[in-house]
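Coordinates in review
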Amino acid sequence: ETGVTQTPRHLVMGMTNKKSLKCEQHLGHNAMYWYKQSAKKPLELMFVYNFKEQTENNSVPSRFSPECPNSSHLFLHLHTLQPEDSALYLCASSLAGVDPDTQYFGPGTRLTVL
Amino acid sequence: RKEVEQDPGPFNVPEGATVAFNCTYSNSASQSFFWYRQDCRKEPKLLMSVYSSGNEDGRFTAQLNRASQYISLLIRDSKLSDSATYLCVVYNNAGNMLTFGGGTRLMVKP
């Protein structure tokens, strides 16, 4: 399935590095989401974009910076991360206003911070 | 109290068994309810929505009790391929947000 794609699939970075995660959806959706999934914890919603406008920021540290240039692309810019930020980062999309509650997930980026 | 609470398991069952998972949610204003399935090291995928009247999809039956804020998933005639983590998910359209439970792990053994 290629509805929602994410790159890279795996990323190892040092605490002083800057990197970006990319998500692209090919479903014609207009809402996109970033989630964090840590070991033994539920998925945590980080950011929500509806029609390219950020509508939710769940108290996420500023070392995570989202960007949504258009309704098909979503980025998560990372800088000066901590080892506890190591997790699976999942992107999802949905059709806001029509079918807002059915979200389709990308395969995730498994991030390791050294 | 967690917003969406599930028994993490694991539930170890033999092939052909019937297994039931439960989930409770704390926000009485929640509007929609789902079960997602997540295979090891893969993304979550929608398994089924949960309707107030209860709904069935093949071997899977979902029930919702709004008064008790309780959701269930019943799997009949378990297959090896049912082994996965089952995520209870609650939707609240204030903020267009899904809230996920921690998941219940199922392992079906031959």
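Overview of the structure. (Residues numbered from 1 in each chain as written. Chains lettered and ligands numbered in written order. Predicted model: local features only at pLDDT ≥ 70, side-chain atom pairs only at ≥ 80, totals over all residues. Heavy atoms only, no water.)

On to the sheet that holds strand 7 (residues 64-70) of chain A, then. One key point about sheets: their strands pair by backbone hydrogen bonds, in either a parallel or an antiparallel sense. Residues and elements named next belong to chain A. Taking strand neighbours across the sheet as the criterion, the four strands line up as 1-3-8-7 in an open arrangement whose pairing is antiparallel. Strands at the two margins of the open sheet, each flanked by one partner only, are strand 1 (4-7) and strand 7. The mean angle between the axes of side-by-side strands here comes to 20°, regardless of whether they run parallel or antiparallel. Note: strand 3 (residues 18-25) against strand 8 (residues 73-79), seven bridges, orientation antiparallel. Of the residues in strand 8, the one forming a bridge with Lys22 is Phe75. (Pairing = 2+ DSSP bridges. Helix = DSSP H or I, 4+ residues; strand = E, 2+ residues; numbered from the N terminus. Axes fitted to C-alpha atoms, helices over the stretch in contact; angles between N-to-C directions.)

What follows covers the interface of chain B and chain A. Facing the 17 residues of chain B at the interface are 24 residues of chain A. Both sides of the chain B and chain A interface together cover about 1600 Å² of buried area, and 54% of this is carbon and sulfur. Seen at the junction of chain B and chain A, the total is zero salt bridges. Counting across the interface, chain B meets chain A through two residue pairs in polar contact (both at pLDDT 80 or more). Of all the elements in the fold, those that place two or more residues in the side of chain B that touches chain A are strand 4 (32-38), strand 5 (44-50) and strand 10 (97-100) of chain B. When its residues are assigned to classes, the side of chain B that touches chain A shows eight nonpolar, six polar and three charged. (Contact = heavy atoms within 4.5 Å. Buried area = accessible area lost by both parts, 1.4 Å probe. Salt bridge = Lys/Arg side-chain N within 4 Å of Asp/Glu carboxyl O. Polar contact = N/O pair within 3.5 Å; in protein donor to acceptor, adjacent residues only side chain to side chain. Nonpolar A, V, L, I, M, F, W, Y, C, P; charged D, E, K, R; others polar.)

Attention now moves to the state of the cysteines. Tallying each qualifying case throughout the model produces two disulfides over all chains. With its sulfur 1.9 Å from that of its partner, A:Cys23 forms a disulfide with A:Cys91. Sign of the S-S torsion, about -70° for the bond between A:Cys23 and A:Cys91, identifies this disulfide as left-handed. One end of the pair, A:Cys23, is in strand 3; the other, A:Cys91, is in strand 9 (residues 87-95), and 68 residues separate them in sequence. For A:Cys91, a relative accessible area of 0% puts it in the buried group. Linked covalently through their sulfurs, B:Cys23 and B:Cys88 form a disulfide whose S-S length is 2.0 Å. The disulfide joining B:Cys23 to B:Cys88 has a torsion of about -75° about its S-S bond and is therefore left-handed. Of the two residues, B:Cys23 sits in strand 3 (residues 19-25) while B:Cys88 sits in strand 9 (residues 84-92), which places them 65 residues apart along the sequence. The exposure class assigned to B:Cys88 is buried, which follows from its relative accessible area of 0%. (Disulfide = S-S within 2.5 Å. Buried < 20%, exposed > 50% of the residue type's maximum accessible area, 1.4 Å probe, protein only.)

So, on to the pairing of strand 2 (residues 10-13) of chain A. Residue and element names in this part refer to chain A. Burial along strand 2 is one-sided: the face carrying Leu11 and Met13 is buried and the face carrying His10 and Val12 is not. Looking at chain direction, strand 2 and strand 11 (residues 109-113) are connected through four bridges and run parallel. Note on strand 11: the bridge partner recorded for Leu11 is Leu111.

Residue and element names in this part refer to chain B. With antiparallel pairing, five strands are arranged side by side in an open sheet as 1-3-8-7-6. Each edge of the open sheet carries a strand with a single partner, namely strand 1 (4-6) and strand 6 (55-57). With direction set aside, neighbouring strand axes in the sheet form an average angle of 20°. Bridge analysis of strand 7 (residues 60-65) against strand 8 (residues 70-75) gives six bridges, and the strand direction is antiparallel. If you follow Ala62 over to strand 8, its bridge partner there is Leu73.

Another point: the packing of aromatic side chains. All names here are of chain A. Counted by the stated rule, this structure contains eleven aromatic pairs over all chains. The interplanar angle of 35° and the centroid separation of 6.4 Å between the aromatic rings of Tyr33 and Tyr35 together place this pair among those described as tilted. By relative accessible area, Tyr33 is classed as buried at 0%. We classify Tyr35 as buried; its relative accessible area is 0%. With a centroid separation of 5.3 Å and 45° between ring planes, the pair formed by Tyr35 and Phe105 is classed as tilted. Separated by 70 residues along the polypeptide, Tyr35 in strand 4 (residues 31-37) and Phe105 in strand 10 (residues 99-105) bring together distant segments of the chain. Accessibility expressed as a relative area gives 7% for Phe105, which makes it buried. (Phe/Tyr/Trp six-rings, centres within 6.5 Å; stacked < 30°, edge-to-face > 60°.)

No statement about biological role is implied by the geometric values presented.
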